[in-house]
Amino acid sequence: MSRVSIAPLQPVAPGPQQLNQSRFLPANRRRLSAPGIRTFLAIADLWSLDESQRLLILGSPARSTFHKWAKTAREHGELTLDVDTLTRISAILGIHQALGILHGSEREAVAWLRSSHAATIFGGRTPLDLVTAGAQDGLMAARRFLDAARGGLYMEPVEALDQHFQPYRDQDLVIE
C-alpha cells in the first residue's frame with residue numbers, strides 16, 4: 001500500500017465581507033426611517049427640490065404616502081420605510097456629504113448640482129437630472145462619481161475619447 005502525503009492547507013485570504021442582513025430587519029429600518037426622512041427633507045429644501053423631484057428620488061411613492069411620511073417624521077413619530085426607500089435616502093446623504101467636502105459652500109455645491117457637466121455619466125446634463133431621474137441606479141451613480149472625486153480618482157473627460165459619445169435615449173433601449 002502506498003502512502004499519500006497531503007500538504008497542510010494554506011490559509012485562504014478572506015473573501016468579500018458579507019452584508020449584515022440585520023440591517024434590513026424592521027427594527028433597524030424603523031430606527032432609521034424618521035431621522036432619514038427628516039434629513040432628506042432638509043437636504044431637499046437646501047437643494048430647492050420641488051415635490052415631483054422629491055417623489056422621484058424616493059422611488060415615486062404616492063403623494064399622500066410621502067406627505068404622511070413627512071408629517072410623521074416631523075412629529076418624531078414612528079414609521080418603517082422599505083429597504084429601497086432607505087437606500088435612496090442613504091444615497092442622498094452620501095451625495096450631500098461629498099458635496100460638502102468637495103465644495104467650499106452650500107451655494108457652490110448646489111450650483112454644481114444644477115450645472116451641466118461634461119463627464120460621460122452626465123452626458124452634458126446636470127447631476128441633478130441624474131439624481132432626480134427616478135432610478136436608484138442614477139442616485140448611486142452620482143454618489144459613486146462624487147465619492148471617486150472625493151477620493152482623488154476623478155478625471156476630466158478625455159476629449160479624444162468622449163467627443164463622439166452620444167448618451168443612450170429611451171428609444172435606443174430594447175427590452176425583449
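Reference entry: report on the structure contained in this document. It should be emphasised that the depicted structure is a prediction, and the values quoted were computed from it without experimental measurement.

1. With respect to the overall build of the protein chain
Next up, step 1: Looking only at helices and strands, one finds eight helices and zero strands in the protein chain.
Next up, step 2: Helices and strands appear in the protein chain in the N-to-C order α-α-α-α-α-α-α-α.
Next up, step 3: With 176 residues in all, the protein chain has 31% of them scored as buried.
Next up, step 4: For the protein chain, the accessible area works out to roughly 12,100 Å², and carbon and sulfur atoms hold 54% of it.

2. A short note on the packing of helix α1 (residues 26-46) against helix α3 (residues 63-74)
Next up, step 1: At a closest axis distance of 9 Å, the pairing of α1 and α3 adopts a crossing angle of 105°. With respect to their mutual orientation, α1 and α3 come out roughly perpendicular. Residues A34, I37, R38, F40 and L41 of α1 form the contact with α3, whose participating residues are F66, W69, A70, A73 and R74.
Next up, step 2: Among the residues making up the contact of α1 with α3, the classes are represented as eight nonpolar, no polar and two charged.

3. Here we look at the packing of aromatic side chains
Next up, step 1: Enumeration according to the criterion identifies three aromatic pairs in this entry.
Next up, step 2: Considering the side-chain rings of W112 and F145, the 6.3 Å spacing of their centres and the 20° angle between planes classify their relative orientation as stacked. On the criterion of sequence distance, the pair formed by W112 in helix α5 (residues 106-114) and F145 in helix α7 (residues 136-150) is long-range, its members being 33 residues apart.
Next up, step 3: W112 gets classed as buried once you look at its relative accessible area, which sits at 17%.
Next up, step 4: Owing to a relative accessible area of 15%, F145 belongs among the buried residues under this scheme.

4. Let's talk about the pattern of salt bridges
Pairing between side chains of opposite charge can happen when their charged atoms approach one another.
Next up, step 1: Inspection of the entire model under this criterion finds seven salt bridges.
Next up, step 2: The residue R54 makes a salt bridge to D45 at a minimum N-O spacing of 2.7 Å.
Next up, step 3: We classify D45 as partly exposed; its relative accessible area is 45%.
Next up, step 4: The residue E75 makes a salt bridge to K71 at a minimum N-O spacing of 2.9 Å.
Next up, step 5: Using a relative accessible area of 52% as the deciding quantity, one classes E75 as exposed.

5. Quick word on the environment of I92
Next up, step 1: Considering the arrangement of structural elements, one finds I92 in helix α4 (residues 83-102).
Next up, step 2: For the pair I92 and F40, spaced 52 residues apart in the sequence, the C-alpha separation amounts to 7.2 Å.
Next up, step 3: For I92, the contacting residues outside a window of four places in its chain are F40, I43, W47, I57, V131 and L139.

6. Topic: the packing of α1 against α4
Next up, step 1: Relative orientation of the contacting elements α1 and α4 amounts to 45°, with a least axis distance of 9 Å. One finds that α1 runs oblique with respect to α4. The handedness of the crossing between α1 and α4 is left-handed. Only V83, L86, I89, I92, L93 and H96 of α4 make contact with α1, whose side of the interface consists of R29, L32, S33, G36, I37, T39, F40, I43 and L46.
Next up, step 2: Taken together, the residues that form the contact of α1 with α4 break down as ten nonpolar, four polar and one charged.

7. What about the environment of T126?
Next up, step 1: With respect to the helices and strands, T126 occurs in the loop between α5 and α6 (127-131).
Next up, step 2: Judged by relative accessible area, T126 falls into the buried class, the value being 15%.
Next up, step 3: Distance from T126 to A111, taken between C-alpha atoms, is 9.8 Å for residues 15 residues apart in sequence.
Next up, step 4: Other than its neighbours up to four places away in sequence, T126 contacts L113, R114, S115 and S116.

8. Describing α4
Next up, step 1: The first and last C-alpha atoms of α4 sit 28 Å apart over 20 residues, in line with the 28 Å expected at 1.5 Å per residue.
Next up, step 2: Looking at α4, one finds that the buried residues are T85, L86, R88, I89, A91, I92, G94, I95, A98 and L99.
Next up, step 3: For α4, the elements touching its buried residues are α1, α2 (51-57), α3, α5, α6 and α7.
Next up, step 4: The opening residue of α4, the one whose side-chain oxygen lies 3.2 Å from the backbone nitrogen of D84, is D82.

Conventions used here
Residues numbered from 1 in each chain as written. Predicted model: local features only at pLDDT ≥ 70, side-chain atom pairs only at ≥ 80, totals over all residues. Heavy atoms only, no water. Helix = DSSP H or I, 4+ residues; strand = E, 2+ residues; numbered from the N terminus. Buried < 20%, exposed > 50% of the residue type's maximum accessible area, 1.4 Å probe, protein only. Areas by Shrake-Rupley, 256 points an atom, 1.4 Å probe, with all protein chains shown as cover. Axes fitted to C-alpha atoms, helices over the stretch in contact; angles between N-to-C directions. Parallel < 35°, antiparallel > 145°, perpendicular 65-115°, else oblique. Contact = heavy atoms within 4.5 Å. Nonpolar A, V, L, I, M, F, W, Y, C, P; charged D, E, K, R; others polar. Phe/Tyr/Trp six-rings, centres within 6.5 Å; stacked < 30°, edge-to-face > 60°. Salt bridge = Lys/Arg side-chain N within 4 Å of Asp/Glu carboxyl O. Left-handed = near helix turned anticlockwise from the far one by under 90°. Expected span 1.5 Å × (residues − 1). Polar contact = N/O pair within 3.5 Å; in protein donor to acceptor, adjacent residues only side chain to side chain.

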